[in-house]
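# Observations on the three-dimensional arrangement
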Amino acid sequence: MKSPIVIAIDGTSASGKSTNAKLVALALGFVYVDTGAMYRTLAWHCLQTGVDVQQPRAVAAACRRWKTALTCVDNQVRLLVDGYYPEKEVRSDATSAAVSLVAAVPQVRKWMKQKQRECLKFGNLVMEGRDIGSNVFPETDFKFYLDARLEERARRRAADGVNENLAARDQRDSQRAVAPLMIPLGARVINNSQMTAAETSALILEEIRRRLGSDGAV
Ligand code: DC
């Protein structure tokens, strides 16, 4: 049996990773994995249970004790908290402020990497994040890195009703010691400042189909 295909989509905040990863997954019939949502779910769980997210040891202990389940519903992977997926809560300002602290804890990253690799049991994947092509699935042949001008990314976030300091978040994500945000070796870099999501995802799909060649019946 052929091993599942993994499409890794990394990039800066608000560079269109989620929109494009979902479009690509839908077009190919692959399972979509939003790894940022996995970190957000843990950050929310920490806030809910009174864990001080400024304390890496407390966060690592909460992660270790966390009883969660990896599920795949409608071709989308989620981490559940006591059987519940906090879809809206993970986008709250409080969770957004806490998440990059949680994501910087080495034990958390190790735990997440294991869960993210476990997603192969669900089949072919489109996985988006910050370290997918560089750290979680460095062996994949399908790596993309999305970016856009800071003003354009801020405009997109504001259009979604979210005001956040993207430059500060990108800096925290790029400067952490473990698995920082970076352009993975061999990644196709796409700056989509002046592109629609339809154009960006078409470019990604074209590249995937070209690389798969005649073998790629997806
Ligand atoms: O993509 P997002 O905004 O939902 O990501 C939330 C946070 O999690 C962001 O600060 C970066 C971090 N993250 C990470 O460190 N590694 C990933 N693979 C995905 C997200």
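Residues numbered from 1 in each chain as written. Predicted model: local features only at pLDDT ≥ 70, side-chain atom pairs only at ≥ 80, totals over all residues. Heavy atoms only, no water.

### Re the packing of helix α2 (residues 35-48) against helix α4 (residues 93-103)
Rules: Comment: axis = line fitted to C-alpha atoms, over the contacting stretch for helices; angle = value between 0 and 180 degrees taken between N-to-C directions. To qualify as a helix, a DSSP run of H or I must reach at least 4 residues; to qualify as a strand, a run of E must reach at least 2; elements of each kind are numbered from the N terminus. By the definition adopted for this analysis, an angle is roughly parallel if under 35 degrees, roughly antiparallel if over 145, roughly perpendicular if from 65 to 115, and oblique otherwise. Here a residue-residue contact requires only that any non-hydrogen atoms of the pair lie within 4.5 Å. Under this grouping Gly is polar, as are all residues other than the nonpolar Ala, Val, Leu, Ile, Met, Phe, Trp, Tyr, Cys and Pro and the charged Asp, Glu, Lys and Arg.
Interhelical geometry of α2 versus α4 gives an angle of 105° and a closest axis separation of 8 Å. Here α2 is positioned roughly perpendicular relative to α4, judged by the angle of their axes. Contact residues: α2 offers Tyr 39, Arg 40, Leu 42, Ala 43, Trp 44 and Leu 47, while α4 offers Ala 94, Thr 95, Ser 96, Ala 98, Val 99, Val 102 and Ala 103. By residue class, the composition of the contact of α2 with α4 is 10 nonpolar, two polar and one charged.

### Topic: the packing of helix α1 (residues 17-28) against helix α9 (residues 197-212)
Put simply, the test is: The crossing is said to be left-handed when, going from far helix to near helix, the turn is anticlockwise and less than a right angle, and right-handed when the turn is clockwise.
Relative orientation of the contacting elements α1 and α9 amounts to 50°, with a least axis distance of 9 Å. One finds that α1 runs oblique with respect to α9. For the crossing formed where α1 meets α9, the hand is right-handed. On α9, the residues that touch Thr 19, Asn 20, Leu 23, Val 24, Ala 27 and Leu 28 of α1 are Ala 197, Thr 200, Ser 201, Ile 204, Leu 205, Ile 208 and Arg 209. Of the residues assigned to the contact of α1 with α9, the class counts are eight nonpolar, four polar and one charged.

### Description of unusual backbone geometry
Going by this rule: Accessible area is worked out with a 1.4 Å probe on protein chains only. A residue is then buried under 20% of its type maximum, exposed over 50%, and partly exposed in between.
One non-glycine residue with positive phi stands out, namely Asp 74, at about 50°. Structurally, Asp 74 can be placed in the loop between β3 (68-73) and β4 (76-81). Of the residues examined, Asp 74 reaches a relative accessible area of 71% and is grouped as exposed. Despite not being glycine, Asp 82 has its phi angle at roughly 50°, a positive value. With respect to the secondary-structure elements, Asp 82 resides in the loop between β4 and α4. A residue is classified by how much of its surface remains accessible, and Asp 82, at 71% relative accessible area, is exposed.

### Quick word on the side chain of Arg 109
Here is the rule we go by: Polar contact is defined as a pair of N or O atoms within 3.5 Å, subject to the rule that within protein one atom must be able to donate a hydrogen and the other to accept it, and that residues adjacent in sequence are counted only when both atoms are side-chain atoms.
Checked against the element boundaries, Arg 109 lands in helix α5 (residues 106-118). Side-chain polar atoms of Arg 109 contact the backbone oxygen of Ala 103, separated by 2.6 Å. Contacts of Arg 109, omitting those with residues within four sequence positions, involve Tyr 39, Ala 103, Asp 131, Arg 176, Val 178 and Ala 179.

### Things to note about helix α7 (residues 150-159)
The test is simple: The directions from the helix axis to the C-beta atoms form the arc being described.
Of all the residues in α7, the buried ones are Glu 152, Arg 153, Arg 156 and Arg 157. Summarising the axial view, the buried residues of α7 lie within an arc of 140°, below the 170-degree limit, and thus occupy one face. Away from its buried face by more than 90 degrees, α7 exposes Glu 151 and Ala 159. Close packing links the buried residues of α7 with β6 (142-147) and α8 (166-175). Trailing α7 by a residue or two, Gly 161 shows a phi angle of about 80°, which is positive.

### Observations concerning α4
All of the buried residues along α4 are Thr 95, Ser 96, Ala 98, Val 99, Ser 100, Val 102 and Ala 103. Contacts from the buried residues of α4 go to α2, α3 (56-65), α5 and α8.

### With respect to the pairing of strand β2 (residues 31-34)
Put simply, side chains in a regular strand alternate between the two faces of the sheet. In plain terms, the rule: Should DSSP find at least two bridges between two strands, the strands are taken to pair.
Residue alternation in β2 divides its side chains into two sets, Val 31 and Val 33 and Tyr 32 and Asp 34, and both sets are buried. Bridging between β2 and strand β5 (residues 125-129) involves four bridges; their strand directions are parallel. Within β5, the residue paired with Val 31 across the bridge is Leu 125.

### Quick look at the nonpolar core
Here is the rule we go by: To form a nonpolar core, buried Ala, Val, Leu, Ile, Met, Phe, Trp, Tyr and Cys residues must be joined to one another through side-chain atoms within 4.5 Å.
If you look at the biggest cluster of nonpolar residues, it comprises 36 residues, and the most contacted ones within it are Val 33, Leu 42, Val 59, Val 108, Met 112, Leu 125 and Met 127. Element by element, the count of residues in this core is highest for α2, at six residues. Not counting the four nearest positions on each side in its chain, Val 33 is found in contact with Met 38, Val 77, Cys 119, Leu 125, Val 126, Met 127 and Glu 128. Judged by nonpolar contacts, the second largest core, of 17 residues, contains Ile 9, Val 24, Leu 146 and Ile 208.

The analysis is restricted to geometry; functional conclusions fall outside its scope.
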